[in-house]
Number of protein chains: 2
Amino acid sequence: MAVRVTMADVARAAGVSTATVSYVLSGKRAVAGGTRKAVEAAIAELGFTVNTAARSLRTGRSSIVALVVPDLANPFYAQLAASLREELRPLGLHVMVCDTKADRDEERAYLREAVQQRFAGVVITPFRLTAKDFLLLSEAGIPAVVSADLPFGETDLVTPDARAAMRAALTEVTGAGRRRIAMIAGPRDATGGDPRLELLRALAVQFGLSLPGRLVVRGEHTREAGAAGFAHLMGVKHRPDAVFCANDAVAIGAMDKAEELGVGIPGDVALIGHDDASFASLVRPRLTTVRYSAVDVGRAAARLLVERLDGRVTRRTVRVKAEFVPRETV
Amino acid sequence: MAVRVTMADVARAAGVSTATVSYVLSGKRAVAGGTRKAVEAAIAELGFTVNTAARSLRTGRSSIVALVVPDLANPFYAQLAASLREELRPLGLHVMVCDTKADRDEERAYLREAVQQRFAGVVITPFRLTAKDFLLLSEAGIPAVVSADLPFGETDLVTPDARAAMRAALTEVTGAGRRRIAMIAGPRDATGGDPRLELLRALAVQFGLSLPGRLVVRGEHTREAGAAGFAHLMGVKHRPDAVFCANDAVAIGAMDKAEELGVGIPGDVALIGHDDASFASLVRPRLTTVRYSAVDVGRAAARLLVERLDGRVTRRTVRVKAEFVPRETV
DNA sequence: CTGAAAGCGCTAACAA
DNA sequence: TTGTTAGCGCTTTCAG
């Protein structure tokens, strides 16, 4: 047990030096065909696998990329993880998924962890972090890609472009004669406020609508918060006839509560989600939503990260277009 | 940038040796109060974080535990990940979640990876692996905990005890006068067959029912496979009036198809899921299912793993009881 | 209670 | 085209 085969063993078996074994593995130096064959045979024979700890110590960099997200149980992030992994895998990079539960201390702990482990990079959807928290990473020379609306210091950015999609949503909502729009938004203390709310506010004006403070409720990005927020909105006078939600989980929570309260969806109130998480098409009526493609985000983040590892030093931003998905709740 | 602070820096600043710094960190040797204070101050001052690559190289073991699952998008596994992480975190162990998409090559690749990275341990829900594949791990001295029905070689095991729950399900199904039960089971080539199917078969006999081959359909553990399986079952003559599903995703797929086909649930056909994934209570009618607690599995796996790391050498098995959750589809 | 120093396995600069 | 070798930063044995 614990028979560990080292490069030295392989080198001995193949009758070469460890340098040659290393070069066969990395391809960073030409190796004669016969030599390569011998080395490969020895590797197979002995069942050698490189010790990544030694490699990392030597190179000062691990092959792990951390993906830090607020909620793994949200299929959006699960998909993002899958997408990122798929993009990074061919490059020999591994993804370590970290769930922070939207907690700032957890978020920080993972950034710290990234430094400690000398991760190759970090892809993060920050929820309660500030630019200052990213100093740790930049000091350690670890590139970060942020999926958010604004960058943090020198980080690269993957950001949604939801304007057209939201405009389409509002067109549909107002087309059905609805005028009293509301939003169940994210928490007040989230990093950078709530861009989805800001966007809705801005667009509302263009549609001649208003979004008064009493029609904006705030809470976590969870089903429970959605239910609570919807309950509150239904208690307000001149209650809304259309409710935009911070994400699909929130919208589903709102649907739970609507059913409980006997409020008709979309008869009495239209409901618009965000993200198009896998369960959006699962509920009845099917949730109308604004799709933000986790796969596209993963791809973009991977590309940005790889460019950084290849030496790019200037900050870059990639916009990912959102898309209106009309279903049955408007 | 890339200012890396090493233990030597800390030692110098505190006027001690690196050994002392190391012992302050690990607590493996008594250190005088004053010395400890000085070291801690220096660590804080310089912002030192230990280089885990060096540590791993030296100790021959990383602090990462791999959690290898067939489908991260399934909330059951997302929950399992969260649970495992929570249990292992206080021990300084980190969880790396690996999604294999139920593919054997992926599963193997991750076991290989575990060896390469000298992971502290592996927790895995194998889908198409055989005992032989685990040799790699045992040779490298890496403990594995398997979440399945049977162990693989020397691995520890967390296994479901679903007999009582399934019996309750059958009682409810037959109580409603249903006699023609069917199952949309897992793929034929899955490791260890399909224990949920075997259990259903065994229990059916006790209820004086039969589960003929034409009423057993096989497919992946996905919504799509569920839809396809259900479509097939609806085409069979003497079609079933109760369908058990390999997991909840499969059951949801069956519901999709039932709606499309105009088959009433539970009016025409009763539907029973498995796992109680978060979306089981989301669909309408709400899915009746057999709950298998991911949190309990995570806890058990963590405990087994830690015992191994503490030196236990004999194989252990922990049973986790499943529970019947009657909702609206029977 | 503390320090000196070896060495984990690898990479890459330098030498041949 | 290949080999020699220093050294990455840590833990731990041995010595004091």
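About the criteria used
- Residues numbered from 1 in each chain as written.
- Chains lettered and ligands numbered in written order.
- Predicted model: local features only at pLDDT ≥ 70, side-chain atom pairs only at ≥ 80, totals over all residues.
- Heavy atoms only, no water.
- Buried < 20%, exposed > 50% of the residue type's maximum accessible area, 1.4 Å probe, protein only.
- Helix = DSSP H or I, 4+ residues; strand = E, 2+ residues; numbered from the N terminus.
- Right-handed = clockwise from strand over helix to strand, strands pointing away.
- Near = heavy atom within 4 Å.
- Polar contact = N/O pair within 3.5 Å; in protein donor to acceptor, adjacent residues only side chain to side chain.
- Nonpolar A, V, L, I, M, F, W, Y, C, P; charged D, E, K, R; others polar.
- Contact = heavy atoms within 4.5 Å.
- Buried area = accessible area lost by both parts, 1.4 Å probe.
- Salt bridge = Lys/Arg side-chain N within 4 Å of Asp/Glu carboxyl O.
- Core = buried A, V, L, I, M, F, W, Y, C linked by side-chain atoms within 4.5 Å.
- Axes fitted to C-alpha atoms, helices over the stretch in contact; angles between N-to-C directions.
- Parallel < 35°, antiparallel > 145°, perpendicular 65-115°, else oblique.
- Left-handed = near helix turned anticlockwise from the far one by under 90°.
- Least-squares fit on C-alpha atoms with pLDDT ≥ 70 in both.
- Pairing = 2+ DSSP bridges.
- Expected span 1.5 Å × (residues − 1).
- Arc of directions from axis to C-beta.

You'll find chain A entered in an unreviewed UniProt entry as LacI family transcriptional regulator, with Streptomyces candidus given as the organism.

So, on to the pairing of strand 4 (residues 144-147) of chain A. The alternating pattern of strand 4 of chain A places Ala144(A) and Val146(A) on one face and Val145(A) and Ser147(A) on the opposite face, and all of these are buried. Between the parallel elements strand 3 (residues 121-124) of chain A and strand 4 of chain A, the chain passes through helix 7 (residues 135-140) of chain A in a crossover that is right-handed.

Before going further, it helps to spend a moment on the protein's contact with DNA strand C. Close contacts around DNA strand C come from 29 residues, with Met7(A), Arg55(A), Arg58(A), Arg29(B) and Thr35(B) the closest. Sugar plus phosphate, as a fraction of atoms of DNA strand C within 4 Å of the protein: 55%. Within the side chain of Thr35(B), an N or O atom sits 2.3 Å from a phosphate oxygen of DNA strand C. A distance of 3.3 Å separates a base nitrogen of DNA strand C from a polar atom in the side chain of Arg58(B). Listing elements by their share of the surface near DNA strand C, those giving two or more residues are helix 2 (18-26) and helix 4 (52-59) of chain A together with helix 2 (18-26) and helix 4 (52-59) of chain B. Among the residues forming the surface near DNA strand C, the class breakdown is 12 nonpolar, 10 polar and 7 charged.

Okay, the interface of chain A and chain B next. Across the boundary between the two partners, chain A contributes 55 residues, which contact 55 residues of chain B. Interface area, chain A with chain B, both sides summed: about 4500 Å², of which 49% is carbon and sulfur. Where chain A meets chain B, there are 9 salt bridges. Glu259(B) is paired through a salt bridge with Arg286(A); the nearest N and O atoms lie 3.2 Å apart. On inspection of chain A and its partner chain B, the count reaches 17 residue pairs in polar contact (both at pLDDT 80 or more). For the side of chain A that touches chain B, the elements supplying multiple residues, two or more each, are helix 4, helix 5 (75-88), strand 2 (94-99), helix 6 (104-116), helix 7 and helix 11 (248-261) of chain A.

Residues and elements named next belong to chain B. Within the secondary structure, Thr289 is located in strand 10 (residues 289-291). From its side chain, Thr289 meets the backbone oxygen of Gly273 in a polar contact 3.3 Å long. With residues near it in sequence (within four places) discarded, Thr289 still touches Asp248, Ile272, Gly273, His274, Asp275, Asp276, Glu323, Phe324, Val325 and Arg327.

Formed by 56 residues in total, the largest nonpolar core has its most connected members in Phe230(A), Val243(A), Phe230(B) and Val243(B). Those elements that place two or more of their residues in this core are strand 6 (181-185), helix 10 (223-235), strand 8 (242-245) and helix 11 of chain A together with strand 6 (181-185), helix 10 (223-235), strand 8 (242-245) and helix 11 (248-261) of chain B. Those residues in contact with Val243(B) that sit more than four places away from it in its chain are Ala182(B), Ile184(B), Phe230(B), Leu233(B), Val269(B), Ala270(B), Leu271(B) and Ile272(B). Among the nonpolar cores identified, the runner-up in size contains 54 residues, and Ala81(A), Ala302(B), Leu305(B) and Val320(B) belong to it.

Here we take up the packing of helix 5 (residues 75-88) of chain B against helix 12 (residues 294-309) of chain B. Residues and elements named next belong to chain B. Axis separation between helix 5 and helix 12 bottoms out at 8 Å; the angle between their running directions is 40 degrees. As far as their axial angle goes, helix 12 and helix 5 are oblique. Crossing hand, helix 5 versus helix 12: right-handed. Listed contacts from helix 12 to Phe76, Gln79, Leu80, Ser83, Leu84, Glu87 and Leu88 of helix 5 are Ala294, Val295, Val297, Gly298, Arg299, Ala301, Ala302, Leu305 and Val306.

Let us now look at the relation of the copies chain A and chain B. Of the transformation superimposing chain A on chain B, the axial component is 0.1 Å and the angular component is 180 degrees, with the fit at an RMSD of 0.2 Å. Expressed as an axis order, the relation between the two copies is that of a two-fold axis. Mapped onto chain B, 100% of the interface residues of chain A again fall at the interface, so both copies present the same surface.

Now for the protein's contact with DNA strand D. Around DNA strand D, 29 residues are found, and the nearest of them are Arg29(A), Thr35(A), Met7(B), Arg55(B) and Arg58(B). One nitrogen or oxygen atom from the main chain of Ser17(A) is found 2.9 Å from a phosphate oxygen belonging to DNA strand D.

Note on sheets: strands pair through backbone hydrogen bonds, and any given pair is parallel or antiparallel. Residues and elements named next belong to chain B. In spatial order, the strands read 2-1-3-4-5-11; together these 6 strands make up an open sheet with parallel pairing. At either end of the open sheet lies a strand with only one pairing partner, and these are strand 2 (94-99) and strand 11 (317-321). Ignoring which end each strand starts from, the neighbouring axes of this sheet average 20 degrees apart. Strand direction decides the pairing type here: strand 5 (residues 156-161) and strand 11, joined by 5 bridges, are parallel.

All right, on to helix 9 (residues 195-206) of chain A then. Residue and element names in this part refer to chain A. The first and last C-alpha atoms of helix 9 sit 17 Å apart over 12 residues, in line with the 16 Å expected at 1.5 Å per residue. Turning to helix 9, its buried residues are Leu197, Leu199, Leu200, Leu203 and Ala204. When helix 9 is viewed along its axis, its buried side chains cluster within an angular range of 160 degrees and face the same direction. Just downstream of helix 9, Gly208 is the residue with a positive phi angle, here 70 degrees.

Residue and element names in this part refer to chain B. Mapping Thr288 onto the fold places it in the loop between strand 9 (270-272) and strand 10. Thr288 gets classed as buried once you look at its relative accessible area, which sits at 0%. On a C-alpha basis, the gap between Thr288 and Ala249 in space is 13 Å, while along the polypeptide they are 39 residues apart. The contact partners of Thr288, leaving out residues within four places of it in the chain, are Leu271, Ile272, Gly273, Phe324, Val325, Pro326, Arg327, Glu328, Thr329 and Val330.

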